[in-house]
Every structure is written in structure tokens, then in C-alpha cells.
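Here are the chains, one letter per residue:
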Amino acid sequence: MDYLSALSLLHQTLTPTSYVEIGCRLGRSLSLARCESVAIDPDFEIRTDLRAPTRLFRQTSDDFFAAHDLETLIGGKLDLAFIDGMHRAEFVLRDFLNLEKHAAHHSVIVLDDVLPEQIEWTSRERLTQVWTGDVYKVIPFLRKHRPDLTIRVFEIKMKGMAIITGLNPGDMTLQRALDAHEASLAGPDLAYDNIADLRQALAPEPIAALPDFVASLRAQRRLATHHSARPAQAGLFDAGLYLDLLKRSLLNEIYLDDEMRLLYLRDCLSGTDQFAYEVLHDIRTLRSDGFAELAASRRIGRFPERKIAKSGFSHTMMGRLRLDSLQMCLDDLHSRRIPGDLVECGVWRGGGCILMAGWLRAMGCRDRQLIVADSFEGLPVPAHEKDRGLDLSKAKFPQLAVSLATVRANFASYGLLDDTRQHFLKGWFSDTLTTAPTDQIALLRMDGDLYQSTMDTLEALYDRVTPGGIIIVDDYGALEVCRRAIADFFAARSMPVPEMTKIDWTGTFFFKPH
């Protein structure tokens, strides 16, 4: 499959409402668009019929973004974009950042020329007939500095293709030191002198995986579109605003400065930092790198420095991306009228369930129960052979053990504790889930980490999930034992693993087949 066929698949499957292309040259890729389009190239000579309303700008992309408001030109956020401009990494980074400013979370940005077949093609000056330049450097760079993004590289013929999703137009992490980042990309830091090392760093996927990935993007966009399409009614309670504020509170986004102060004071007490009042007073500015890391970790649901000891003080470790996806799933179930209760297995401080309780309250749903299942004593000591070496138990990680009393108090602090429609199941999943008080489940969220916990949940509850219902797997990307349990569960039933929709670096969900 060449790049035109891959782009055609994206257009046909995603049916974008707007399209932006940087580097349109002869117009072959631009001719695939069927929606409002903008194309930017300082030296274009279109030789193909364009079949969509298209605005062409004969200028560099830097000059274009300095002079024009993209959202005004296309009538809203960009939906799909293709970068095929200057073949230098720092130019591609600027193009990506300029496009992301005008994107939505579910928008898609595609990079060409990221997987050359020959190392000679990667020179910064054109020396060969086929030339990719050092565009490939942008992939490991973004994976390091923007872990919240989802970046997939595919084996498109000759020059490869990267598809970037999970965009955040408000993220300014890279812009704060853009000159330094550009200098790094222009230098030798991320350069490779042979194709084998380059390919290993980029970890490309076979082209056969592309159709399923694009189909999963379509499913995510369907949920996002439904979520954003609900109009607010003037003068009435706005459920969307309430739920957004609830998520900000659960993630402690509103008082992140104070959380940073507490972590700073803890380091001062332990002797790993030195107290200074000016730092405590203006910690966001004077410890900007640490604050940016904390904010980024809160967005993607990952502990700072990947250390459980730095779990912080939020009521959920899910992160903004998984909380947004959870709300979208709930909205989708509601719109399709999928009957059943809401169940979470593995709740930590209760944040995910508190969001579900808030959603039930905001939507006026009185026909669904909320089941909150956890040992409330942390994870069990590994017993299954496939969990060997993965000890997350209370003795080793007390931060993961949160008592039932604390979780109930967290519910109550949001005014969302309701013993008439909420059931707290205390104990190991193997002991409690088979008798869980529900006959029909619309949404099942699994966060058990271990192989045994994941298998216990599926064996006890999967058959009670309504066809068309949603199963969310929190640890699918992070833990191989979780993926193995799901694969083994469906293999034992002689069924294929359902198509997964990726949420972020670890979370995923799938629809129960009819």
C-alpha cells in the first residue's frame, strides 16, 4: 500500500468534515479530499482535478500560520491533516504544533516520510532522487516529550507513515523551549547511521494493521462527536459543564499548584530539596518543569516519573483522557438505549465511579445501579503463575490500598453517596463478583492489573454484559498479563478478541458483540 492508498483509506473511513494539507505540490493527495480543505505550499502546481471546496495558499507553512486563522478558514476545528512539507524535522515539529492548536482531541494528523528504506535518503540536504530528510526524528522526539499523544507508525511503501491522535490543543509543553527543541532536532542527537537502528527506534507496524486501527479511530470519533453535539439549553442545568467541573475536581486540576506545594514540602522534609519561601509562593513558575510534568502525568493517567510513590492526591489515577472517554462511553450507551448497570472492578480512591455517579445524577437516570467492587485492601499477592514477578500488594505498595471508608467519604464529599442505588462489594473478585447484585450490565470497567483478577472479572461478569454494551480495560496497554488474560478468555470460548479502541497509552475499550 502506498501513501495515496493509505490516505484514501483514512478519508473514506473517517469521512472528515475538514482537511488541511501542508505540501500539496501536484495535488495528487489533495484530490482525495471530499470536504472543506486548505492546502499550503510555496511552489504548488496542481495537475489533478480537485473534488472538494479547497483554498490554496502559495506560501510557507510558517508564513501561513502567522497570517491566517485556520479555524476561520475551515469553519471550526481541523478534522484530518497531512504533513508532507519541508523534509527537516524541526519544520515538521512546527507544522505539527501549529496544526494541533486548531485540532480537537479526536482529530488526526498524518506525517509522511517517516520510515525511509535507505539511510542515504535521510540527509538534511537532498542528495538522492528519493528523499525523506530527517523527518523520522520527530517520532522518538514526540514519544519522549509528549507521552500523552498516540503515535502509530505503519509500513507504507517506500517512506512510511505516522498517524498521531489524542491531540491536546491547549498543551504548550514544547512551545516553552521551542528554539532548544528545534536545535536538538537539527543536530545529531536523534540521528541514526543505519536503517536497522532507525526502524527499531520507530517500531513500525505492518500495513495489515492499518485498516483495523483506522476503524478504531472511527469508533472513537463517533463517541466524541455524539458527546460534543449535545446542545446546552440556556437557563437550564448544563450537564456537560457540571461533569467537566467534576472531572477537574477528581483530577485535582483546579488546585494542582497546591498539590505541587505539598509534594515540594514533602521533599524538603525528607531532605531531597531545600525550602525557600519564594518557591512555595510561586511554585508554578519557579518549578515550571516539575509542574509541567505533574500536569502532563495527570492528563495521561501516569504517575510522575512512573513511580507509584508519587501518586499524589487526586481521587483517580485514570487521567483526563480516560475520564473523558468514560463519559463518552456513558453518553453513547444512553443514546443507544443499552440497558444495564454500571460496574467498576478496581476503584482505588473511587474517582471513576464518582464520575459515573455524577453522570447518573446529571442525566436523571434512575434505572441503573452503580456497583463499586474492590478489595479495599490493595492488590492480592500474585498467586497465578502468569502473575509471577508482578507483586503490587499492600505490603509492597501501600499507596494502592484505599479503605472502603475512605472511598465512601470521597463519594460523600461530592454529594454523590447514595446507598439506594450504589453497592460497594468488598473482597477479592473471586469471592464477590459471582454474586454481584446485577443481572444486566451496560458498562463494565476493569482495572484489576493482574492476570487472575482480569480473568476472575471476565468469568464472573462478561455474560451479564448486554450485547452492544461496553467493556473498558484500564491496563490493556500497560500490562502484558492483562492482555494475555483477555486473549485466553476469548480463546477458551473459541471467539476472536473483539476489536479494541485505544484511549491512551494503556486504556482501551470494546463493544460486546451481538
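A quick note: this is a predicted structure, and the numbers were derived from the prediction, not measured.

1. Overview of the sheet that holds strand 12 (residues 465-473)
Part 1 of the reasoning: Taken in spatial order, the seven strands make up an open sheet running 10-9-8-11-12-14-13, and their pairing is mixed. The sheet is open, and its two borders are formed by strand 10 (422-426) and strand 13 (501-502), each paired with just one other strand.
Part 2 of the reasoning: In terms of strand pairing, strand 9 (residues 370-374) meets strand 10 through five bridges, oriented parallel. Its bridge partner being in strand 10, A373 is matched across the sheet by L425.
Part 3 of the reasoning: Sheet contacts for helix 14 (residues 319-336): strand 8 (341-345), strand 11 (441-446), strand 12 and strand 14 (508-511); angle to strand 12, the most-contacted strand, approximately 175 degrees.

2. Here's the deal with the nonpolar core
Part 1 of the reasoning: If you look at the biggest cluster of nonpolar residues, it comprises 76 residues, and the most contacted ones within it are L370, F411, L443, L444 and L461.
Part 2 of the reasoning: Counting residues per element, this core draws most heavily on helix 15 (residues 351-363), which supplies eight residues.
Part 3 of the reasoning: Ignoring anything within four residues of it in the chain, the contact list for F411 reads G350, C353, I354, A357, L370, V372, L416, L417, Q422 and F424.
Part 4 of the reasoning: The next biggest cluster of nonpolar side chains, apart from the first, holds 43 residues, and it includes V38, V114, L149 and L174.

3. Comments concerning the packing of aromatic side chains
Part 1 of the reasoning: What the rule picks out here adds up to 12 aromatic pairs.
Part 2 of the reasoning: Between the aromatic rings of F57 and F64, the centroid separation amounts to 5.0 Å while the plane-to-plane angle is 65 degrees, which identifies the pairing as edge-to-face. Pair check on accessibility: F57 and F64 agree, each one buried.
Part 3 of the reasoning: Residues F411 and F424 carry aromatic rings whose centres are separated by 5.4 Å and whose planes lie at 80 degrees to one another, so their mutual orientation is edge-to-face. Here F411, found in helix 16 (residues 404-413), pairs with F424, found in strand 10; they are 13 residues apart in sequence, far enough to count as distant. Comparing F411 with F424 shows no difference in burial state: the two are buried.
Part 4 of the reasoning: Among the aromatic residues, ring-to-ring pairing joins Y462, F489, F490 and F510 into one connected group.
Part 5 of the reasoning: Over the ring of F424 we find R408, and its NZ or CZ is 5.2 Å from the ring centre.

4. Overview of the sheet that holds strand 2 (residues 36-40)
Part 1 of the reasoning: Ordered by their spatial adjacency, seven strands build an open sheet running 3-2-1-4-5-7-6, and the pairing between neighbours is mixed. Each edge of the open sheet carries a strand with a single partner, namely strand 3 (54-57) and strand 6 (150-154). Here the strands of the sheet are splayed against their neighbours by 15 degrees on average, with no regard to which way each runs.
Part 2 of the reasoning: Bridge count for strand 1 (residues 18-22) against strand 2 is five bridges, and the pairing is parallel. Considered in strand 2, the bridge of I22 is made with I40.

5. Thoughts on the packing of helix 9 (residues 239-250) against helix 15
Part 1 of the reasoning: Two elements in contact, helix 9 and helix 15, have axes separated by 10 Å at closest approach and are oriented at 165 degrees. If you check the angle between helix 9 and helix 15, you find them roughly antiparallel. In this structure, helix 9 crosses over helix 15, and the sense of that crossing is right-handed. Facing helix 9, whose interface residues are A239, Y242, L243, L246, K247 and L250, helix 15 presents G351, I354, L355, G358, W359 and A362.
Part 2 of the reasoning: Among the residues forming the contact of helix 9 with helix 15, the class breakdown is nine nonpolar, two polar and one charged.

6. What to know about helix 15
Part 1 of the reasoning: Taking 1.5 Å as the rise per residue, helix 15 with 13 residues should run 18 Å; its terminal C-alpha atoms sit 18 Å apart, in good agreement.
Part 2 of the reasoning: Across the 13 residues of helix 15, 11 count as buried, placing the element largely inside the fold.
Part 3 of the reasoning: Buried within helix 15 we find G351, G352, C353, I354, L355, M356, A357, G358, W359, L360 and A362.
Part 4 of the reasoning: Just downstream of helix 15, G364 is the residue with a positive phi angle, here 70 degrees.

7. Comments concerning unusual backbone geometry
Part 1 of the reasoning: In the Ramachandran plot, T15 falls in the positive-phi region, its phi being about 40 degrees despite a non-glycine side chain.
Part 2 of the reasoning: Turning to its location among the elements, T15 is positioned in the loop between helix 1 (3-14) and strand 1.
Part 3 of the reasoning: Phi is positive for M158, which is not a glycine, with a value near 75 degrees.
Part 4 of the reasoning: Structurally, the position occupied by M158 is in the loop between strand 6 and strand 7 (161-165).
Part 5 of the reasoning: Given the relative accessible area of 34%, M158 is considered partly exposed.

8. So, the environment of L202
Part 1 of the reasoning: Secondary-structure assignment places L202 in helix 7 (residues 195-202).
Part 2 of the reasoning: According to the relative accessible area criterion, L202 is buried, its value standing at 0%.
Part 3 of the reasoning: Between the C-alpha atom of L202 and that of W121, which follows or precedes it by 81 residues, the distance is 16 Å.
Part 4 of the reasoning: The contacts of L202, once residues within four sequence positions are left out, are V114, L115, Y136, I139, P140, R143 and V153.

Conventions and cut-offs
- Residues numbered from 1 in each chain as written.
- Predicted model: local features only at pLDDT ≥ 70, side-chain atom pairs only at ≥ 80, totals over all residues.
- Heavy atoms only, no water.
- Pairing = 2+ DSSP bridges.
- Helix = DSSP H or I, 4+ residues; strand = E, 2+ residues; numbered from the N terminus.
- Contact = heavy atoms within 4.5 Å.
- Axes fitted to C-alpha atoms, helices over the stretch in contact; angles between N-to-C directions.
- Core = buried A, V, L, I, M, F, W, Y, C linked by side-chain atoms within 4.5 Å.
- Buried < 20%, exposed > 50% of the residue type's maximum accessible area, 1.4 Å probe, protein only.
- Phe/Tyr/Trp six-rings, centres within 6.5 Å; stacked < 30°, edge-to-face > 60°.
- Lys NZ or Arg CZ within 6 Å of the ring centre and 35° of its normal.
- Parallel < 35°, antiparallel > 145°, perpendicular 65-115°, else oblique.
- Left-handed = near helix turned anticlockwise from the far one by under 90°.
- Nonpolar A, V, L, I, M, F, W, Y, C, P; charged D, E, K, R; others polar.
- Expected span 1.5 Å × (residues − 1).

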